[in-house]
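Here's the letter readout for the chains.
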Amino acid sequence: MRRMKLLLAGASALFLAGIASDGVRAQEVKRFGDPAGHFPISTAVEVPAGASVVYLSGMGAPPLDPTSKEHTLAAYGDMATQTTNALKKIQYELEKLGLSMGSVVQMHVYMVADATTHKLDFAGMMKGYTKFFGTKEQPNLPVRSAFAVAQLANPGWLIEIEVTAVRPAGK
């Protein structure tokens, strides 16, 4: 009888260890995308139960040139520059929360046309975006939507970006 109890206890411990290890694996964010890698965004992201979701407000680029007229394109730069600087600002805010750009699971990008060219510079946005996502150093890709909007709150901004990040359970 004692031997049977020990066997049952051992089997139970192994079973529970298996559940615990499955729980660790289940805590990973799963990203799904184009297998050929044609575009640097995920098509879907699965967030595990128990993870904390962090929403960052929309952010634009800080002024580059404080001597330029406030709220003008000259004060903030072109689309690539604004995208890079807005993402640097987001990166800084995430780091303050103990997260990284790899923690980002969703992104909304709001863009306006350049007042001088009257064109939306999607390529410029992608130039800034790909410095932070899909790199060798940071391969995690968020799901992303990009929108052309009539205007943003700051007339000098060409772009405003908001992100959702995930903190795995227990971190």
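Below is a short write-up of the structure. Only a predicted model underlies this, so the values are computations on that prediction, with no experimental measurement involved.

Attention now moves to the pattern of salt bridges. When the charged atoms of two side chains with opposite charge come close together, those side chains can pair. This structure, assessed with the given rule, holds one salt bridge. Across the salt bridge formed by Lys96 and Glu93, the nearest N and O atoms sit 3.2 Å from each other. Placement of the pair is Lys96 and Glu93 together in helix α3 (residues 79-96), with a separation of three residues, close to one helical turn.

Once that is clear, we can look at the nonpolar core. By size, the foremost hydrophobic cluster in this structure holds 31 residues, and its most contacted members are Ile90, Phe133 and Ile161. Broken down by secondary-structure element, the contributors of at least two residues to this core are β3 (52-59), α2 (73-76), α3, β4 (104-111), α4 (122-129) and β6 (159-167). With five residues, the single largest contributor to this core is α3.

On to the side chain of Ser42. Relative to the helices and strands, Ser42 resides in the loop between β1 (30-32) and β2 (44-46). Polar side-chain contacts of Ser42 include one of 2.6 Å to the backbone oxygen of Leu141. Those residues in contact with Ser42 that lie beyond four places of it in its chain are Arg31, Phe32, Gly33, Leu141, Pro142 and Val143.

With that settled, consider the side chain of Ser103. Relative to the elements of secondary structure, Ser103 occurs in the loop between α3 and β4. Overall, the relative accessible area of 13% leaves Ser103 in the buried class. Once residues lying within four places of it in the same chain are set aside, the contact partners of Ser103 are Arg31, Thr164, Ala165 and Val166.

Further remarks concern the packing of aromatic side chains. Going through the model one piece at a time under the given rule, you end up with two aromatic pairs. Aromatic pair Tyr110 and Phe147: ring centres 5.2 Å apart, planes at 15 degrees, arrangement stacked. On the criterion of sequence distance, the pair formed by Tyr110 in strand β4 and Phe147 in strand β5 (residues 143-148) is long-range, its members being 37 residues apart. With a relative accessible area of 24%, Tyr110 lands in the partly exposed category. Taking 5.0 Å as the distance between ring centres and 20 degrees as the angle between the ring planes, the aromatic pair formed by Tyr129 and Phe133 counts as stacked. Accessibility assignment for this pair places Tyr129 and Phe133 in one class, buried. It is Arg144 that lies over the ring of Tyr129; its NZ or CZ is 4.5 Å from the centre.

Thresholds, definitions, all that
- Residues numbered from 1 in each chain as written.
- Predicted model: local features only at pLDDT ≥ 70, side-chain atom pairs only at ≥ 80, totals over all residues.
- Heavy atoms only, no water.
- Salt bridge = Lys/Arg side-chain N within 4 Å of Asp/Glu carboxyl O.
- Helix = DSSP H or I, 4+ residues; strand = E, 2+ residues; numbered from the N terminus.
- Core = buried A, V, L, I, M, F, W, Y, C linked by side-chain atoms within 4.5 Å.
- Buried < 20%, exposed > 50% of the residue type's maximum accessible area, 1.4 Å probe, protein only.
- Polar contact = N/O pair within 3.5 Å; in protein donor to acceptor, adjacent residues only side chain to side chain.
- Contact = heavy atoms within 4.5 Å.
- Phe/Tyr/Trp six-rings, centres within 6.5 Å; stacked < 30°, edge-to-face > 60°.
- Lys NZ or Arg CZ within 6 Å of the ring centre and 35° of its normal.

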